[in-house]
Amino acid sequence: MRFRDRIARFMAGRNGYDAFSMFLLMAALVLLLLARLFYRSPFFAILFQLASWAALGYCIWRVLSRNTYKRQRENAWYYAKQQAVFRWFRSLKDRWQQRKEYKFFRCPSCHALLRVPRGKGKIQLTCRKCGNRFERKS
Ligand SMILES: [Zn+2]
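These figures come from a predicted structure and were not determined experimentally.

Thresholds applied
- Residues numbered from 1 in each chain as written.
- Predicted model: local features only at pLDDT ≥ 70, side-chain atom pairs only at ≥ 80, totals over all residues.
- Heavy atoms only, no water.
- Domains from an automatic or database assignment.
- Buried < 20%, exposed > 50% of the residue type's maximum accessible area, 1.4 Å probe, protein only.
- Helix = DSSP H or I, 4+ residues; strand = E, 2+ residues; numbered from the N terminus.
- Pairing = 2+ DSSP bridges.
- Salt bridge = Lys/Arg side-chain N within 4 Å of Asp/Glu carboxyl O.
- Donors = N, O, S within 2.8 Å, 3.2 Å for Na, K, Ca; no water.
- Tetrahedral: all angles 85-135°; square planar, octahedral: opposite > 155°, others 65-115°.

Draft legend 1. Region of interest: the domain arrangement of the protein. The domains assigned to the protein are domain 1 (1–92) and domain 2 (98–138). Here the C-alpha centroids of domain 1 and domain 2 sit 40 Å apart.

Rendered as C-alpha cells:
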C-alpha cells in the first residue's frame, strides 16, 4: 500500500483540518514566539510554552478526532466568534470614519450602540433596541 493511501485510510472518519484547528495552530506558534520573547522571565516563558503545547495538542487531537459532529459544532462556534471579532473591527472603522459628523453612545440599559449627529446640544435619546430614554450632549 502506498503512503498516501495509508494516510487516507488513517484519516477516514476523522475530523481533519478545519478553520478552528488552523486558529489553534497559529495560536500555538504565537505563544511559542511569546515564550521566546519572554526568555528573561522564566515564569512567563514556561507559561507561554505550556499554553503553546496545549494549543498544539488540542489542534492535533481535533484533527484526529472521530467525533466529527462535536468537532463541527466547535468549528461553527469558532466561526461565530470570529465573525463577532470582525464585526467589532468593522464597527470601530466605521465609527472612526464618521467621527466628525456623528457621535456614538452606548445605551445604559442594553449597551446597544447609538449614532447621533454632532452639534445638536443636549438631546433626548431613545434606544432603538430596548426603548430606553436618556439624555446626552451631542
Ligand atoms: Zn437600549
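Draft legend 2. Highlighting the pairing of strand β3 (residues 122–126). Where burial is concerned, the two faces of β3 differ: the one with I123 and L125 is buried and the one with K122, Q124 and T126 is not. In this sheet, strand β4 (residues 133–137) lies alongside β3 in antiparallel orientation, the contact comprising five bridges. By the bridge assignment for β4, L125 is matched with F134. Hairpin remark: β3 followed by β4, antiparallel, with six residues in the connecting loop; positive phi at G131, about 80°.

Draft legend 3. A look at the pattern of salt bridges. Applying the stated criterion across every chain, the model contains five salt bridges. Residue D5 pairs with R2 through a salt bridge whose shortest N-O separation is 3.8 Å. Here D5 falls in the partly exposed class, since its relative accessible area comes to 35%. If you follow the salt bridges from partner to partner, you end up with D18, R62, R71 and E74 in one network.

Draft legend 4. Spotlight on the coordination of the zinc ion. Every protein donor of the zinc ion is listed here as C107 (SG), C110 (SG), C127 (SG) and C130 (SG), and their distances to the metal cover 2.2 to 2.3 Å. One can describe the site at the zinc ion as tetrahedral: its four donor atoms subtend angles covering 107 to 113° at the metal. Between the donor residues of the zinc ion, the gaps in sequence give the motif C-x2-C-x16-C-x2-C. Here the residue C107 occupies a position in the loop between β1 (102–106) and β2 (113–117), and C127 occupies one in the loop between β3 and β4, the gap between them amounting to 20 residues. You'll find C107 and C127 in the same group, each marked buried.

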